[in-house]
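# Working through the structure, step by step
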Amino acid sequence: MANKKFSDNDLKLILKKQESILESLLDLSQLQFAENDSLGLDEVIKKKDHYILELQKIDLILEKWHLEYSRPLKILEQNCEKNIQNLLKRILNSEKDFEKVLGQEKNAVSLQIS
């Protein structure tokens, strides 16, 4: 898709792909709470990194589309955009919560060592 000329209707497809990847990323972000061993957590992190790279590619495609078509979003595109923003907020909250858990575990280990 990156090498072809975009059509006006491609935006909906691009946004749907972005939405799908973000849903997978949210699933992985929540899955990391359930991982008990470092190997499982490493695998989750690798998968998250893969999805982040995919999102970066989609961002470039979106940028190119917006350069070709300067128009307001259609209703379905607006709905996708709202879902994307909601998913981004949920991912951010999940990641922050996971950082807190890691911090608590780190503090617990430090106290045990002391």
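Residues numbered from 1 in each chain as written. Predicted model: local features only at pLDDT ≥ 70, side-chain atom pairs only at ≥ 80, totals over all residues. Heavy atoms only, no water.

As a further point, take the packing of aromatic side chains. Think of a pair of aromatic rings as described by two things: how far the centres are apart, and how the planes are tilted against each other in angle. Tallied over the entire structure, the rule returns two aromatic pairs. Both rings, one in Phe33 and one in Phe98, keep their centres 5.4 Å apart while their planes meet at 90°; by these two values the pair is edge-to-face. Of this pair, Phe33 sits in the loop between α1 (10-31) and α2 (38-68) while Phe98 sits in helix α3 (residues 75-113), and the two are 65 residues apart along the sequence. A residue is classified by how much of its surface remains accessible, and Phe98, at 10% relative accessible area, is buried. (Phe/Tyr/Trp six-rings, centres within 6.5 Å; stacked < 30°, edge-to-face > 60°. Helix = DSSP H or I, 4+ residues; strand = E, 2+ residues; numbered from the N terminus. Buried < 20%, exposed > 50% of the residue type's maximum accessible area, 1.4 Å probe, protein only.)

Let us look at the confidence of the model for the protein. Summarising the model, the protein shows a mean pLDDT of 89, and 88% of its residues fall at 70 or more. Summarising per-element confidence for the protein, the mean pLDDT is lowest in α3 (86) and highest in α1 (96). (pLDDT = per-residue confidence, 0-100.)

Counting across every chain of the model gives six salt bridges. Glu95 serves as the salt-bridge partner of Lys48, at 2.9 Å between the closest nitrogen and oxygen. Of this pair, Lys48 sits in helix α2 while Glu95 sits in helix α3; the two residues are 47 residues apart in sequence, bridging distant segments of the chain. Classification of Glu95 by relative accessible area gives partly exposed; the value is 23%. A salt bridge links Glu77 to Arg71, with the nearest nitrogen and oxygen atoms 2.7 Å apart. Classification of Glu77 by relative accessible area gives buried; the value is 3%. On the basis of relative accessible area, Arg71 is assigned to the partly exposed category, the value being 21%. If you follow the salt bridges from partner to partner, you end up with Asp8, Arg71, Lys74 and Glu77 in one network. (Salt bridge = Lys/Arg side-chain N within 4 Å of Asp/Glu carboxyl O.)

Our next topic: the packing of α1 against α2. Direction vectors running N to C along α1 and α2 enclose 160°, while the axes themselves pass 10 Å from each other. As judged from the angle between their axes, α1 and α2 are roughly antiparallel. As for the relative orientation of α1 and α2, their crossing is left-handed in sense. Per-class residue counts for the contact of α1 with α2 are 16 nonpolar, four polar and six charged. (Axes fitted to C-alpha atoms, helices over the stretch in contact; angles between N-to-C directions. Parallel < 35°, antiparallel > 145°, perpendicular 65-115°, else oblique. Left-handed = near helix turned anticlockwise from the far one by under 90°. Nonpolar A, V, L, I, M, F, W, Y, C, P; charged D, E, K, R; others polar.)

In this section: the nonpolar core. Counting residues in each nonpolar core, the largest one holds 17 residues, and the members touching the most others are Ile14, Leu15, Leu22 and Leu62. Of all the elements in the fold, those that place two or more residues in this core are α1, α2 and α3. If one sorts the elements of this core by residue count, α1 sits on top with seven residues. (Core = buried A, V, L, I, M, F, W, Y, C linked by side-chain atoms within 4.5 Å.)

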